[in-house]
Amino acid sequence: VPVDGSHWLSMREVLDILRQRGHEVVVVAPEVSMHIKPSKNFVMKMYSVPFTQEEMENNFKVFLHASLEEGSFLERFLKLYQHMKKLGNLSVSSCEQLLQNKELIRYLEESKF
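The paragraphs below set out a description of the structure included in this document. Keep in mind that what you see is a predicted model, and the values were worked out from it rather than measured.

1. Brief notes about the packing of aromatic side chains
Okay, step 1: Evaluation of the coordinates by the stated rule reveals three aromatic pairs.
Okay, step 2: On the numbers, 5.8 Å between centres and 90° between planes, the contact of W8 with F42 is edge-to-face. Residue W8 is located in helix α1 (residues 6-20), and its partner F42 is located in the loop between β1 (26-30) and β2 (43-47); the two are separated by 34 residues in the primary sequence.
Okay, step 3: Judged by relative accessible area, which is 1%, W8 ranks as buried.
Okay, step 4: Taking 6.0 Å as the distance between ring centres and 25° as the angle between the ring planes, the aromatic pair formed by F73 and F77 counts as stacked. Highlighted residues: F73 and F77, both in helix α3 (residues 73-100), separated by four residues, approximately one helical turn.
Okay, step 5: Judged by its relative accessible area of 45%, F77 falls in the partly exposed class.
Okay, step 6: Through successive ring pairs, a cluster of aromatic residues spans F73, F77 and Y81.
Okay, step 7: A cation sits over an aromatic face here: K45 above Y107, 4.2 Å from the ring centre.

2. Focus on α3
Okay, step 1: The end-to-end C-alpha distance of α3, which contains 28 residues, comes to 40 Å, matching closely the 40 Å that a straight helix rising 1.5 Å per residue would cover.
Okay, step 2: Among all positions of α3, only H83, L87, L90, S93, S94 and L98 are buried.
Okay, step 3: Residues of α3 that are buried in the fold lie against β1, β2, α2 (53-68) and α4 (102-110).

3. A short note on the packing of α2 against α3
Okay, step 1: Axis separation between α2 and α3 bottoms out at 9 Å; the angle between their running directions is 160°. Viewed along their axes, α2 and α3 adopt a mutual orientation that is roughly antiparallel. Of the two possible hands of crossing, α2 and α3 adopt the one that is left-handed. For the pair α2 and α3, the contacting residues are M56, N59, F60, V62, F63, A66 and S67 in the first and L80, H83, M84, K86, L87 and L90 in the second.
Okay, step 2: By residue class, the composition of the contact of α2 with α3 is nine nonpolar, three polar and one charged.

4. Let's talk about the side chain of S33
Okay, step 1: Counting through the fold element by element, S33 comes out in the loop between β1 and β2.
Okay, step 2: In this structure S33 comes out as buried when scored by relative accessible area, which is 2%.
Okay, step 3: Engagement of the side chain of S33 in a polar contact is seen with the backbone oxygen of I36, the distance being 2.9 Å.
Okay, step 4: Apart from the residues lying within four places of it in its own chain, the contact partners of S33 are D4, Q53 and M56.

5. Comments concerning the pattern of salt bridges
Okay, step 1: Per the stated rule, a full pass over the model turns up two salt bridges.
Okay, step 2: Here R12 ties to D16 by a salt bridge, and the two come within 3.9 Å at their closest N and O atoms. Of this pair, R12 and D16 both sit in helix α1, four residues apart, which is roughly one turn of the helix.
Okay, step 3: Exposure remark for R12: the relative accessible area of 27% places this residue in the partly exposed category.
Okay, step 4: Taking the shortest distance from any N to any O, the salt bridge between K79 and E69 comes out at 2.8 Å. With K79 in helix α3 and E69 in the loop between α2 and α3, this residue pair connects regions lying 10 residues apart in the sequence.

Reading the values: rules and limits
Residues numbered from 1 in each chain as written. Predicted model: local features only at pLDDT ≥ 70, side-chain atom pairs only at ≥ 80, totals over all residues. Heavy atoms only, no water. Phe/Tyr/Trp six-rings, centres within 6.5 Å; stacked < 30°, edge-to-face > 60°. Helix = DSSP H or I, 4+ residues; strand = E, 2+ residues; numbered from the N terminus. Buried < 20%, exposed > 50% of the residue type's maximum accessible area, 1.4 Å probe, protein only. Lys NZ or Arg CZ within 6 Å of the ring centre and 35° of its normal. Expected span 1.5 Å × (residues − 1). Contact = heavy atoms within 4.5 Å. Axes fitted to C-alpha atoms, helices over the stretch in contact; angles between N-to-C directions. Parallel < 35°, antiparallel > 145°, perpendicular 65-115°, else oblique. Left-handed = near helix turned anticlockwise from the far one by under 90°. Nonpolar A, V, L, I, M, F, W, Y, C, P; charged D, E, K, R; others polar. Polar contact = N/O pair within 3.5 Å; in protein donor to acceptor, adjacent residues only side chain to side chain. Salt bridge = Lys/Arg side-chain N within 4 Å of Asp/Glu carboxyl O.

Below you can see the structure in the form of structure tokens.
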């Protein structure tokens, strides 16, 4: 169950090596992500989330833009904190959707994931 971004980019190399060594690799990921995409090197189990690709990308863009803005330390800190909360809420929402997906959870339990 990867985390999008640099965590996934590092993990992807490990998964490719595991597959080369004969392991079956299953990746559980939300349908909306920035970097986690299907591959012939692993089975992808996806679940829906209550936000769109555009909403997620826009939140990241706004966060990056805010991190480069000028202003006092306190102003920048408060803006970044608010944007980090929004991104954190997307992650929490994604996790909730995974845990509420009974079909996917059943699959994971039965396959001893």
